[in-house]
Amino acid sequence: MDGTSNDRELDYLFDLQGYLVLPGALAAGDLAAMNRWVDDHWSYVQDPPSREGPRDQVKEGRWIGHVELHSYGPDDGVNFQNIVEGGAVFERLIDYPAWLPLVSRYVNSVNRLSLHENLLNVRTRGGFLFIHSGGHVPLSYMTFRQHNTGAWMVGQINVLMALNDIGPGDGPTVLVPGSHKASEVHPRLEVEGKPITSANHERQGAGNALGMREVHLRAGDVLLFTDAMTHGSAERTNPGYRRTVLYRYSPRHIRTRFNYQLSPGLRERLTPERRAILEPVAPRSPDLAPVSPPVR
Ligand SMILES: O=C(O)CCC(=O)C(=O)O
Ligand SMILES: [Fe+2]
């Protein structure tokens, strides 16, 4: 996409391909601030979380304030989960003007928004993410359109931000364009004739899978894609480290993957608009002080 793309063009391409690249979406100062955060926490990259135990569980309990160290499995590098607690720049990303209007339109304003997951990932040579997702997966958040009316109803939009250049050999994200609408199951997502959601048993990257396209990004670019696409990442073969930030937006009813609670400091600082995304349904309990509903 270039700077002249209009909404009609973006909508057409997003519908067709399932993803958009937003070049230079991050302001230079914000990009620098996030890279500084990574540099300041480099010791955690070199002392990664335990690689044992079941996938998709936060098992470490190692915290940097309210940011938690995590990985999905043995191959995907270090995730700094709940990075929204990492400082002002990560708070700005919640309703960043470069993508918030797109995300709101595709999730559909009738659903409002929530941040399902937010993390910063650092991955080195040998790291990758297995192939997963696709039009066949019956997960509740893998919706894309309302069938009767054609209205947008995207259950999850991943906003993946490149903090450094991600080119060939750097372990780029890979996608099968259009696969959010696929009726056929991707051959690598079928085991003994049965469809699966992710090939995490394979211990290999998604880069060499049928139909995959590498998405190369410059530092500051953003890749926006529906989680319903068949995707993953190629293995990083170059030395050095890939740095990305990932914010996943969903309808407010889907809300959160790991249910991190707002720290008192963040709760205090959040604008009403940001709080409406991080805590779209205010907790209600006779044991809690009454909370006024967030402004919409
Ligand atoms: O790490 C990557 O490149 C892919 C991330 C991914 O699978 C996702 O954002 O859902
Ligand atoms: Fe994914």
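Everything below is about the structure shown above.
Residues numbered from 1 in each chain as written. Chains lettered and ligands numbered in written order. Predicted model: local features only at pLDDT ≥ 70, side-chain atom pairs only at ≥ 80, totals over all residues. Heavy atoms only, no water.

> Account for the sheet that holds strand β11 (residues 213–215), naming residues and giving values.
Taken in spatial order, the four strands line up as β6-β13-β8-β11 in an open sheet, and their pairing is antiparallel. Looking at the sheet topology across the chains shown, the edges are occupied by β6 (129–132) and β11. When strand polarity is set aside, the average angle formed by the axes of neighbouring strands in this sheet is 25 degrees. As paired elements, strand β8 (residues 173–175) and β11 share three bridges and run antiparallel to each other. From the neighbouring strand, L175 faces β11, where its bridge partner is R213. (Pairing = 2+ DSSP bridges. Helix = DSSP H or I, 4+ residues; strand = E, 2+ residues; numbered from the N terminus. Axes fitted to C-alpha atoms, helices over the stretch in contact; angles between N-to-C directions.)

> Tell me about the site of ligand 1, and name the residues and values.
Among the 13 residues in the neighbourhood of ligand 1, the closest are listed as R123, T173, H231, R242 and R248. At 3.3 Å, a side-chain N or O of D227 approaches an oxygen atom of ligand 1. A class-by-class count of the residues in the shell around ligand 1 yields three nonpolar, six polar and four charged. (Near = heavy atom within 4 Å. Polar contact = N/O pair within 3.5 Å; in protein donor to acceptor, adjacent residues only side chain to side chain. Nonpolar A, V, L, I, M, F, W, Y, C, P; charged D, E, K, R; others polar.)

> An account of the packing of aromatic side chains is needed here, citing residue identities and associated values.
Enumeration over the complete set of coordinates arrives at eleven aromatic pairs. Summarising the aromatic geometry, the rings of F14 and W152 are spaced 5.7 Å apart at their centres and angled 35 degrees between planes, so their arrangement reads as tilted. On the criterion of sequence distance, the pair formed by F14 in helix α1 (residues 7–17) and W152 in the loop between β6 and β7 (157–162) is long-range, its members being 138 residues apart. Neither residue differs from the other here; F14 and W152 are each classed as buried. Judged by centre distance (5.1 Å) and plane angle (85 degrees), the ring pair of W37 and F80 falls under edge-to-face. With W37 in helix α2 (residues 28–40) and F80 in strand β4 (residues 78–81), the pair connects residues that are 43 residues apart, well separated along the chain. (Phe/Tyr/Trp six-rings, centres within 6.5 Å; stacked < 30°, edge-to-face > 60°. Buried < 20%, exposed > 50% of the residue type's maximum accessible area, 1.4 Å probe, protein only.)

> Let's hear about the sheet that holds strand β3 (residues 67–70): which residues, and what values?
Strand order in the open sheet formed by eight strands is β1-β12-β7-β14-β5-β4-β3-β2, with antiparallel pairing between adjacent strands. Looking along the sheet, the strands with just one partner apiece sit at the ends: β1 (19–22) and β2 (63–64). In terms of strand pairing, β7 meets strand β14 (residues 241–250) through six bridges, oriented antiparallel. Across the sheet, residue M161 finds its bridge partner in β14, namely V245. Along the sheet face, α1 touches β1, β7 and β12 (222–226) and points at about 130 degrees away from the line of β1. (Contact = heavy atoms within 4.5 Å.)

> I'd love a proper account of the environment of M142, names of residues and values included.
Tracing the sequence through the fold places M142 in the loop between β6 and β7. Judged by relative accessible area, which is 11%, M142 ranks as buried. Between the C-alpha atom of M142 and that of R8, which follows or precedes it by 134 residues, the distance is 23 Å.

> Tell me about the pattern of salt bridges, residues and numbers included.
Inspection of every chain in the model, using the stated rule, returns 17 salt bridges. A salt bridge links D11 to R105; its shortest N-O distance comes to 2.6 Å. Separated by 94 residues along the polypeptide, D11 in helix α1 and R105 in helix α5 (residues 100–107) bring together distant segments of the chain. The buried category is assigned to D11, whose relative accessible area is 16%. Linking E279 and R267 is a salt bridge whose minimum nitrogen-to-oxygen distance equals 2.9 Å. Of this pair, E279 sits in the segment after α7 (272–278) while R267 sits in helix α6 (residues 264–269); the two residues are twelve residues apart in sequence, bridging distant segments of the chain. A relative accessible area of 6% means that E279 is categorised as buried. Judged by relative accessible area, which is 33%, R267 ranks as partly exposed. Bridged by salt links that share partners, the residues E117, D227, R248 and R257 form one connected network. (Salt bridge = Lys/Arg side-chain N within 4 Å of Asp/Glu carboxyl O.)

> Go over α5, please, and point to the residues and values.
Every buried residue of α5 is accounted for by L100, L102, V103, Y106 and V107. The buried residues of α5 occupy an angular sector of 160 degrees when projected down its axis, which confines them to one face. Against the buried residues of α5 lie α1, β1, β7, β12, β14 and α7. Just beyond α5, the residue with positive phi is N108, at close to 90 degrees. (Arc of directions from axis to C-beta.)

> Could you give an account of the nonpolar core, naming the residues involved and the relevant values?
Ranked by size, the top nonpolar core spans 51 residues in total, and within it F80, W99 and Y247 carry the most contacts. If we skip the residues at most four places from it in the chain, W99 touches L22, L26, L93, V159, M161, V222, L224 and Y249. Core analysis: the second largest hydrophobic core is formed by 14 residues, Y19, L119, V215 and L223 among them. (Core = buried A, V, L, I, M, F, W, Y, C linked by side-chain atoms within 4.5 Å.)

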